[in-house]
Amino acid sequence: MTEPQQNKDEASKPLIKKCTYCQEMKPLTDFQRRTGRRAGPYSRRGPCRSCRGLAPQERAATSAPSGEETNPSAAPVTQHSLEANTAAHSLEASLPMEAQRPRRKPVTDKARERHRQRVRHLLSRLKPADTRALRLNRNGMIRLRGKTDQGRRWHQEIELDLAMTLVRERMAVIVNPYTVRRLYSNKEFRQYVLKRDRYTCFFCGDYGDTIDHLLPRAKGGHTTPVNCVCACNECNQVKAARDVDEFIESGVPQPSPDDFEASDIPDASEDTLRT
């Protein structure tokens, strides 16, 4: 088969996605688009449209396996959906073990709090750097330079307050009084935060592979090592622009029962945050 014909066959396959809440494979049109400058044409949110308005208890009841009952929010089964599910399962089977989401044991409140204290201790060790050496250039700005994920160099001019924040929160270093350099590219920063937090959600203790801001960007927060923690996809979207204390007190979404391993020892879940 030639390459153009193969690309044509791949383009004709239905685009599908796995819902974060009900764990079902659904067409891409059942998910809302992501907004933002970096969102691509196929960027969609984690939960489907039918699961976004459900409460956590209803989502747990929906994701729980049942013998003969059917999910009323699910789309009707057609030949198109069956082919989509078959293609999705074959795609998941072909993925390596590292790419598949690991299964964990239930996490207790004590283990979650211990993990939060560990992360806060690591963040407190990042002492703020001295920014008194910074000076404005002739344009009244500070030059910021860095590298993309592909290694291409870039530079731009930012305000003095933003430059001081980046330097204080260990996202940049001072090169000269008029220039600061960003320490991480986007990919390097994401891997740094995930490894620092051991791929564990700061809020619920489940497996996390996204980055969330402690102080939301809508309230003046920045993407820095001091202000970012690891979070799961569900907590990241449910928290939105709320403060950390407000989100924790309102009730953190519990992981799906499908993510838990069957354990014969009920008290063995104290150290499940260790990876």
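Just above, that's the structure.
Anyway, here's the lowdown on the structure attached to this text. Remember, predicted model here, so these are calculated numbers, not experimental data. (Residues numbered from 1 in each chain as written. Predicted model: local features only at pLDDT ≥ 70, side-chain atom pairs only at ≥ 80, totals over all residues. Heavy atoms only, no water.)

**What about the sheet that holds strand β8 (residues 179–182)?**
Argument step 1. Spatial ordering of the open sheet is given by β6-β5-β8-β7, a layout of four strands whose pairing is mixed. The strands lining the two open edges of the sheet, one partner per strand, are β6 (153–158) and β7 (172–176). Neighbour to neighbour, the strand axes of the sheet diverge by 30° on average, direction disregarded.
Argument step 2. Where strand β5 (residues 142–147) and β8 come together, three bridges link them in parallel fashion. Bridging across to β8, R143 finds its partner in T179. (Pairing = 2+ DSSP bridges. Helix = DSSP H or I, 4+ residues; strand = E, 2+ residues; numbered from the N terminus. Axes fitted to C-alpha atoms, helices over the stretch in contact; angles between N-to-C directions.)

**Quick look at the pairing of strand β4 (residues 44–48)**
Both faces of the sheet carry side chains from a regular strand, because those side chains alternate between them.
Argument step 1. Across the five residues of β4, four count as buried, placing the element largely inside the fold.
Argument step 2. Two elements, strand β3 (residues 31–33) and β4, share two bridges in a ladder whose sense is antiparallel. For F31, the partnering residue across the bridge sits in β4 and is C48. (Buried < 20%, exposed > 50% of the residue type's maximum accessible area, 1.4 Å probe, protein only.)

**A few points about a positive patch on the surface**
Argument step 1. A contiguous patch of positive charge, built from R143, R145, K147, R153 and R181, is present on the exposed surface.
Argument step 2. Residue contributions to the positive patch peak at three residues, all from β5.
Argument step 3. By the secondary structure assignment, R153 is in strand β6.
Argument step 4. Looking at R153, the relative accessible area reads 70%, which means it is exposed. (Patch = residues over 30% accessible without salt bridge, like charges linked within 9 Å, V, L, I, M, F, W, Y side chains within 5 Å. Areas by Shrake-Rupley, 256 points an atom, 1.4 Å probe, with all protein chains shown as cover. Salt bridge = Lys/Arg side-chain N within 4 Å of Asp/Glu carboxyl O. Lys, Arg positive; Asp, Glu negative; His and termini not counted. Charge placed at Lys NZ, Arg CZ, Asp CG, Glu CD.)

**Topic: helix α6 (residues 186–196)**
Residue pairs three or four apart in sequence face the same way in an α-helix, which turns once every 3.6 residues.
Argument step 1. Within the sequence span of α6, burial applies to F189, V193, L194 and R196. Projected down its long axis, α6 carries its buried residues within an arc of 165°, all on one side. Opposite the buried face of α6, by more than 90 degrees, sit the exposed residues K187 and K195.
Argument step 2. Where α6 ends, the next residue or the one after it, R198, has phi of about 60°, a positive value. (Arc of directions from axis to C-beta.)

**A closer look at the pairing of β6**
Argument step 1. The pairing of β5 with β6 spans six bridges and is classified as antiparallel. Bridge pairing in β6 places L144 opposite Q156.
Argument step 2. A loop of five residues connects β5 with β6, the two strands running antiparallel in sequence, and G151 in this loop sits at a positive phi of about 90°.

Honestly, that's just the spatial picture; any functional story needs more than this.
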